[in-house]
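In case you want the letters, here they are:
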Amino acid sequence: MTDVTLAPTTSALTLTLTDVERAEFGRLAGLLADTAPGLVDDPAWVDAARLLSCQLPVRLRETIRRYRHDSGVDGLLIVNNLPVDVAALPATPTVPESVERAATVPAGIAAMMALHIGEILAYREEKTGALVQNVVPVPGREESQSNAGSTPLELHVENAFHPHRPDFVGLLCLRNDHSGTAGTLVSSIRRALRLVPDQVRDVLLQPRFVTEPPPSFAAGDATPVHAVLDGDPADPNVRVDFTATQPLDDEGKLALDQLRDAFIEVASSLVLQSGEMAFVDNRIAIHGRSAFTPRYDGHDRWLHRTFVHLDNRRTRAHRPNNGHVLS
Ligand SMILES: O=C(O)CCC(=O)C(=O)O
Ligand SMILES: [Fe+2]
């Protein structure tokens, strides 16, 4: 990836919890951690998390409601001062495909946030369908174009190849990297579109592209031919992964290159620190990650990732037992 010129600031919907609100959230996450059977992927625990999320501080619920209605020009929600106690964290995991099965306080925070925005989900073929996944650097995977890597991760819509890709991606920071500088790169089509000439936009609106599954998927087929932009041409949705989406012709290739340049020009780096959580609207925003240097000493960068859908009925045929895992 080439160097990124950072936009001066983002206009994300941002909320910093007061210490009283943080303590309230911490109490709920504590109750959830003590809820039987203490396993994130258990339906009874997810039910409890959904109900408890209705008791979150009212300012947080108002902010989430606004975000769900319209995620703004950046498609971003950022919540700061969440009750993550760094001193109480275990060592950052280092194994491949790491997921959070235990109902810890941070897992409860990530799950309650996701469940108040919408329906939490995961994919059977990705990280064994775990609802809360660990984003951590993995020894030997430094160069991988996945969240186990530590070289720059190219901008992408999450699971762009999938017919039921997430509507939102949540990233809760437990620990940032040692230098405190690793950044989640974010960019949105609402900002980038004005830099895309009309004739290029018209190419991107046509079905002239295919997208492969990412390396995190154990199985899956490339898409049928699809458009990169769809919906209202003046405010479209985007479906692209700049390592996995291939143009079918030269005009498509040129259009994709110009789109990438536009995204990079308006991108921002979101340097999440412990206790900060971002949601990215996966319909209008794309994300990636800067490079960083892992030490594999137990104190490396560690995020919890969750996915959200707004409408469970649309995927019912793909969710056995009306559960949260798409197969
Ligand atoms: O590490 C990050 O900040 C984002 C990685 C990523 O793209 C993901 O986990 O989906
Ligand atoms: Fe991603």
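Residues numbered from 1 in each chain as written. Chains lettered and ligands numbered in written order. Predicted model: local features only at pLDDT ≥ 70, side-chain atom pairs only at ≥ 80, totals over all residues. Heavy atoms only, no water.

> Would you take a moment to explain the UniProt feature "domain: TauD/TfdA-like" (unreviewed entry) in the protein for this structure?
Within this structure's numbering, the places UniProt gives as "domain: TauD/TfdA-like" (unreviewed entry) are residues 137–306. Secondary structure over residues 137–306 splits into 16% helix and 26% strand, and the C-alpha atoms at its two ends are 17 Å apart. (UniProt positions renumbered as here; feature names shortened; annotations may be inferred. Helix = DSSP H or I, 4+ residues; strand = E, 2+ residues; numbered from the N terminus.)

> I would appreciate a short explanation of helix H1 (residues 19–33) in the present structure.
Given 3.6 residues to a turn, an α-helix orients residues that are three or four positions apart in the same direction. In a regular helix each residue adds 1.5 Å, so 15 residues correspond to 21 Å; H1 covers 20 Å between its end C-alpha atoms and thus fits that length. Against the buried residues of H1 lie strand E1 (13–16), helix H2 (43–53), helix H3 (58–69) and helix H4 (105–117). (Expected span 1.5 Å × (residues − 1). Contact = heavy atoms within 4.5 Å.)

> Mind showing me how you'd approach the UniProt feature "binding site: Fe cation" (unreviewed entry) in the protein here?
Here the UniProt feature "binding site: Fe cation" (unreviewed entry) sits at His156, Glu158 and His287. On the basis of their most widely separated C-alpha atoms, the annotated residues across 132 residues gather in one place, lying no more than 8.0 Å apart. By secondary structure assignment, the location of Glu158 is in the loop between strand E5 (153–156) and strand E6 (168–175). Not counting the four nearest positions on each side in its chain, Glu158 is found in contact with Arg165, Pro166, Val169, Asn282, His287, Arg305 and Phe307. As for its position among the elements, His287 is in strand E14 (residues 285–289). Residue His287 is classed as buried on the basis of its relative accessible area of 6%. (Buried < 20%, exposed > 50% of the residue type's maximum accessible area, 1.4 Å probe, protein only.)

> How should the packing of aromatic side chains be read in this particular structure?
Given two aromatic rings, one states the distance between the centres and the angle between the planes to describe the pair. A complete count under the given rule lists 5 aromatic pairs for this structure. Each ring, one from Phe161 and one from Phe217, has its centre 4.9 Å from the other, and the planes form 80 degrees; the classification is edge-to-face. Of this pair, Phe161 sits in the loop between E5 and E6 while Phe217 sits in the loop between strand E8 (209–211) and strand E9 (229–230), and the two are 56 residues apart along the sequence. The two residues Phe161 and Phe217 agree in class, both being buried. (Phe/Tyr/Trp six-rings, centres within 6.5 Å; stacked < 30°, edge-to-face > 60°.)

> Explain the pattern of salt bridges here, please?
Side-chain pairing between opposite charges can occur once the charged atoms of the two side chains come close. Applying the stated criterion across every chain yields a total of 17 salt bridges. Two residues, Arg141 and Glu97, come together in a salt bridge whose shortest N-O distance is 3.5 Å. Of this pair, Arg141 sits in the loop between strand E4 (133–135) and E5 while Glu97 sits in the loop between strand E2 (76–80) and H4, and the two are 44 residues apart along the sequence. With a closest N to O distance of 3.4 Å, Glu126 and Arg305 form a salt bridge. One end of the pair, Glu126, is in the loop between strand E3 (119–123) and E4; the other, Arg305, is in strand E15 (residues 302–309), with 179 residues separating them in the sequence. Residue Glu126 is classed as buried on the basis of its relative accessible area, which comes to 0%. What you see here is one network of salt bridges that share partners, running through Asp70, Arg190 and Asp235. (Salt bridge = Lys/Arg side-chain N within 4 Å of Asp/Glu carboxyl O.)

> Could you clarify how one ought to interpret the sheet that holds E14 in this entry?
Each strand in a sheet pairs with its neighbour through backbone hydrogen bonds, running either in the same direction (parallel) or in the opposite one (antiparallel). The strand order across the open sheet built from 4 strands is E5-E14-E7-E12, with neighbouring strands paired in antiparallel fashion. The open sheet terminates on both sides in strands that have one partner only, identified here as E5 and strand E12 (268–270). Strand-to-strand twist in this sheet, taken as the mean axis angle between neighbours without regard to direction, amounts to 25 degrees. Inspection of the sheet shows strand E7 (residues 184–188) paired to E14 by 5 bridges, in the antiparallel sense. Following the sheet pairing, Ser188 is matched in E14 by Ala285. Across the sheet, helix H7 (residues 250–265) touches E5, E7 and E14, and the angle it forms with E5 is around 100 degrees. (Pairing = 2+ DSSP bridges. Axes fitted to C-alpha atoms, helices over the stretch in contact; angles between N-to-C directions.)

> I keep staring at the environment of Leu28 and nothing clicks. Help me out?
Within the element layout of this structure, Leu28 appears in helix H1. Spatially, the C-alpha atom of Leu28 lies 31 Å from that of Arg289, the residues being 261 residues apart in sequence. Those residues in contact with Leu28, other than ones at most four positions away along the chain, are Leu52, Gln55, Leu56 and Met112.

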